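What follows is the residue order along each chain.
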Amino acid sequence: MKKLTYLLIMILAINSCYLLKENGIEVEIENNSDAPISDVKFTTSENLNSIEFETIDTNEKVSDFLKMGDNKTDGSYVLAFTRENGKKEISTAGYYTNGGTLNSQVVFKIEKDTVFASTSRY
């Protein structure tokens, strides 16, 4: 009986950590292009909160956590930035529903002429 009680306590403890986790997503942006990028903004399609980086240099990787407590509808994640030649780019990835994220992390890899995006759950 003690083993069953300990098992139940462990399961509840693990689940409570997940339930107490703040609603949001970790973003990682890696600049693999030949030049720095500027005016980098990561947000959701609802555009309620955002993470901004002034510049990300060549071969630099940055990360941060986007809080999504105010999000209430369905949408996707949006990365906007400006290349060295002044060209503005927008890339979308992933999906969230009813304001809740389905993934733990979204990764953007910026190349010379394209952007690769992937989502994952840890």
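Here's what I pulled together on the structure shown here.

Each value, and the rule that gives it
Residues numbered from 1 in each chain as written. Predicted model: local features only at pLDDT ≥ 70, side-chain atom pairs only at ≥ 80, totals over all residues. Heavy atoms only, no water. Pairing = 2+ DSSP bridges. Helix = DSSP H or I, 4+ residues; strand = E, 2+ residues; numbered from the N terminus. Axes fitted to C-alpha atoms, helices over the stretch in contact; angles between N-to-C directions. Phe/Tyr/Trp six-rings, centres within 6.5 Å; stacked < 30°, edge-to-face > 60°. Buried < 20%, exposed > 50% of the residue type's maximum accessible area, 1.4 Å probe, protein only.

Moving on: the sheet that holds strand β1 (residues 24-31). Spatial strand order, β4-β1-β8-β9: four strands in an open sheet with mixed pairing. Strands at the two margins of the open sheet, each flanked by one partner only, are β4 (60-67) and β9 (115-120). Taken pair by pair, the neighbouring strands of this sheet meet at an average axis angle of 15 degrees, ignoring direction. Note: strand β8 (residues 105-110) against β9, six bridges, orientation antiparallel. If you follow Ile110 over to β9, its bridge partner there is Val115.

Centre-to-centre distance and the angle between the planes together describe a pair of aromatic rings. Counted under the stated rule, the structure contains three aromatic pairs. An angle of 65 degrees between the planes, with centres 6.0 Å apart, marks the rings of Phe42 and Phe108 as edge-to-face. One end of the pair, Phe42, is in strand β2 (residues 37-44); the other, Phe108, is in strand β8, and 66 residues separate them in sequence. Looking at Phe42, the relative accessible area reads 0%, which means it is buried. A network of ring pairs unites the aromatic residues Phe42, Tyr77, Tyr96 and Phe108 as a single cluster.

On to unusual backbone geometry. When glycine is set aside, most residues are seen to have a negative phi, and most peptide bonds are trans. Here Asp39, not a glycine, exhibits a phi torsion of approximately 50 degrees, which is positive. As for its position among the elements, Asp39 is in strand β2. The residue Asn47 is not glycine, and still its phi comes out positive at about 55 degrees. One can find Asn47 in the loop between β2 and β3 (50-56). Residue classification places Asn47 among the partly exposed positions, given a relative accessible area of 44%.

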